[in-house]
Amino acid sequence: MNTSGHAAADVRDDAAGLRLAPFRGLRYVPERVGSLAAVTSPPYDVVVRPDGLLHLESADPHNIVRLILPQAITAGTSHRKAAVTLDRWLADGVLAPDPEPALYVYEQQGDGILQRGVIGALELSTPAEGVVLPHEDVMPHVVEDRAALMRTTAANLEPLLLTYVGGEEGGAEAVIERTVRREPLLSTTTEDGFHHRLWSVTDPAELAAIAGGLARHQALIADGHHRWATYLRLREEHRAPGPWNYGLVLLIDTARYPLRVRAIHRLLNRLPVPDALAALDGHFRVRRIDGPLPTAMEVLATASADGNAFLLAGDGGFHLVDRPDPALLDRTIRTDRPRAWRTLDATVLHSTLLEHVWHIPDAPEDISYIHDTEAAVAQAERRGGTAVLMHPVREEVVRDLARQGVTMPRKSTSFGPKPATGLVLRSLALD
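Residues numbered from 1 in each chain as written. Predicted model: local features only at pLDDT ≥ 70, side-chain atom pairs only at ≥ 80, totals over all residues. Heavy atoms only, no water.

1. Points about the packing of aromatic side chains
- Taken as a whole and judged by the stated rule, the model has 3 aromatic pairs.
- Relative to Trp89, the ring of Tyr28 has its centre 6.2 Å away and its plane inclined at 50°; by these criteria the two rings are tilted. Pair noted here: Tyr28 is in strand β2 (residues 25-28) and Trp89 is in helix α5 (residues 75-91), with a separation of 61 residues, a long-range link. Of the two residues, Tyr28 and Trp89, neither departs from the other in class, the shared state being buried.
- Between the aromatic rings of Trp228 and Tyr231, the centroid separation amounts to 6.1 Å while the plane-to-plane angle is 70°, which identifies the pairing as edge-to-face. In this pair, Trp228 and Tyr231 both sit in helix α9 (residues 225-237), 3 residues apart, roughly one turn of the helix.
- A cation over an aromatic ring shows up here: Arg146 above the ring of Tyr44, its NZ or CZ 4.1 Å from the ring centre.
- Positioned above the aromatic ring of Trp341 is the side chain of Arg337, whose terminal nitrogen or guanidinium carbon lies 4.8 Å from the ring centre. (Phe/Tyr/Trp six-rings, centres within 6.5 Å; stacked < 30°, edge-to-face > 60°. Helix = DSSP H or I, 4+ residues; strand = E, 2+ residues; numbered from the N terminus. Buried < 20%, exposed > 50% of the residue type's maximum accessible area, 1.4 Å probe, protein only. Lys NZ or Arg CZ within 6 Å of the ring centre and 35° of its normal.)

Here it is as C-alpha cells:
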C-alpha cells in the first residue's frame, strides 16, 4: 500500500485526535476452559450461521459465541440470556478481570501476515468531528440488535478494528515493539492457523507515550461500523460522563502493518439464478465461466480492472456479469456523489441491479451478507438463490471517500485479519 500521501492527512494539527484509555480487561481463566483457541470466535457478523454457530458452540461450553450470538426464541430473551451467561461465568471464575487498568498489545500472525496493534477503550466521537471516520452505511436493525445486547450485558464483547497511518518513530509504535519482546499474557493458535499473542501495558510512561502518539491521528473504521454506531447510540442514552463515552477497539498502524481488503458477498435468498440472468438481458453482458471457483474469481478480478463486474453463482455454474449499459447507470445512480463512489461495484449493485433490475428489497430476509466465498456459493445452491460474488475495493479508495465524508453502501469491504473475539472483553461496570 502506498502510504506516502496519507500520513500528513492523518495527522491533526490541533492534537484533537484519538484518545485511547486503559481498562481492566476481562479474560478467560485458562484453567477453567479447554483451551483459549476453543473459546474464541470470529466477529459476530463473520460467523456463518447456522453451521459455523453450531461448530463454535460445540467447541467448548464457554465459547464466546454464546455471548455475542446468544440463541433464544426472541431477541429480548437472547440478550438476557447473554447477560445471565456473562454473570455466571464471572461468578464461576471462567472469566476474571485483570488487576489493574491496561492497554493491550495484540499480535496476529499467519497466512503470510504479521499484524500488531493496541487494544483499548477509545473516546467516542461523531463522524462530523473527523476523528473516527466511517466508510460504510449501517443497517438499523443490526444496530438495534447490537445496542440491546450491549445495553443488557453492560459490556463490549469484541473490539472494533480501526486503522490509522502512523509510521513515525516513538509513540505507540515504539511501545509495541518493546512490548512484544516480553513474555505475553496469553498465546494461542486458532483453527484458521493464525497465532495470537496478547500483552498488557500498565507502565505510566508507556501509557503516556501511546496516548501522546495517537492524539495527533484520526482513524478509519476498518471493521465494526454497526458496533461503532451502537457505541454512539448508547452514549446518547447515558449522557453523564462515564464508561459509555468509550468503546473497545483495536488500533492498527497500516503504515507498518497493512491490512488485507476483501469483498463481502451478497446472497439473494429469493432470486433463483435463471431469473437473475433473464432480467439482465440488454442491461449487462453475461458470460458463463467454467469453474472451479478460484478460476472464476480470477476471471472476475481481470474483468473488474476494466469496470464494474460481478460473478453470479447458485445453479452449479458461474456467470460473469459486466459491461453495464451506460444509459442505465445514468438513470439509476445519483449524481451528487464523487465519481469514485458512483463507479463502485457496491453502488452499481445496490442502486442499479438490486433496486431497478431485480427489484430486491433491502431486507434481511431477502439479502444475506457473507464474507466467505465458498460459503456464499454453497448457501446459494442449498437455498436455490443467487450468490453475487464481489471483487474487493482498494484501501486508498475507501480512505479517500471517508475523508470526504462519503459513506459506501453497507458491507462494501472486509478488512482483515480481524481480531479474534474472546481474548479480552471490557465490562463497563469495572470502568
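2. Observations regarding the sheet that holds strand β14 (residues 265-268)
- Pairing in this open sheet of 6 strands is antiparallel, and the strands run β15-β17-β16-β19-β14-β18 from one edge to the other. Two strands close off the open sheet at either side, each with one partner strand: β15 (285-289) and β18 (367-370). Neighbour to neighbour, the strand axes of the sheet diverge by 25° on average, direction disregarded.
- Note that strand β16 (residues 309-313) and strand β17 (residues 318-322) share 5 bridges and pair antiparallel. Pairing of Ala313 across the sheet is with Phe318, part of β17. (Pairing = 2+ DSSP bridges. Axes fitted to C-alpha atoms, helices over the stretch in contact; angles between N-to-C directions.)

3. Looking at the nonpolar core
- By size, the foremost hydrophobic cluster in this structure holds 116 residues, and its most contacted members are Tyr28, Ile119, Trp228, Leu251, Leu280, Phe310 and Trp358.
- At 6 residues, helix α14 (residues 345-357) tops the list of elements feeding residues into this core.
- Sequence-distant contacts of Ile119, defined by excluding residues within four places in its chain, comprise Phe23, Leu103, Tyr104, Tyr106, Leu198, Leu248, Val249, Leu250 and Val424.
- Counting 19 residues, the second-largest nonpolar core is a separate cluster that includes Leu293, Leu300, Ala303 and Ala375. (Core = buried A, V, L, I, M, F, W, Y, C linked by side-chain atoms within 4.5 Å. Contact = heavy atoms within 4.5 Å.)

4. Structural notes on the sheet that holds strand β7 (residues 155-156)
- In space, the 4 strands of this open sheet follow the order β3-β2-β21-β7, with antiparallel pairing throughout. One side of each edge strand has no neighbouring strand; the edge strands of this open sheet are β3 (95-97) and β7.
- One ladder, built from 3 bridges, connects β2 with β3; its direction is antiparallel. Among the inter-strand pairings, Tyr28 is bridged to a residue of β3, identified as Leu95.

5. Considerations on the pairing of strand β9 (residues 186-189)
- Along β9, the buried face is formed by Leu186 and Thr188; none of Ser187 and Thr189, which line the opposite face, is buried.
- Relative to strand β10 (residues 195-201), β9 runs antiparallel, the two being bridged by 4 bridges. When the sheet's bridge partners are listed, Thr188 is paired in β10 with His196.
- Counted along the chain from β9 to the antiparallel partner β10, the turn is 5 residues long, and its residue Gly193 has a positive phi close to 90°.

6. Re the packing of α5 against helix α6 (residues 140-153)
- At a minimum axis distance of 8 Å, the contact between α5 and α6 shows a crossing angle of 35°. Between α5 and α6 lies a crossing of right-handed hand. Between α5, through His79, Arg80, Ala82, Ala83 and Leu86, and α6, the contact on the second element is made entirely by Asp145, Ala148, Leu149, Thr152 and Thr153.
- A per-class count over the contact of α5 with α6 returns 5 nonpolar, 3 polar and 2 charged. (Left-handed = near helix turned anticlockwise from the far one by under 90°. Nonpolar A, V, L, I, M, F, W, Y, C, P; charged D, E, K, R; others polar.)

7. Remarks on the pattern of salt bridges
- For the coordinates displayed, the defined rule picks out 26 salt bridges.
- Residue Arg233 pairs with Glu144 through a salt bridge whose shortest N-O separation is 2.5 Å. On the criterion of sequence distance, the pair formed by Arg233 in helix α9 and Glu144 in helix α6 is long-range, its members being 89 residues apart.
- For Arg233, a relative accessible area of 31% puts it in the partly exposed group.
- Judged by its relative accessible area of 39%, Glu144 is partly exposed.
- Ionic pairing is found between Arg426 and Asp431, a salt bridge with its closest N-O pair at 2.6 Å.
- On the basis of relative accessibility, which here comes to 0%, the residue Arg426 falls in the buried class. (Salt bridge = Lys/Arg side-chain N within 4 Å of Asp/Glu carboxyl O.)

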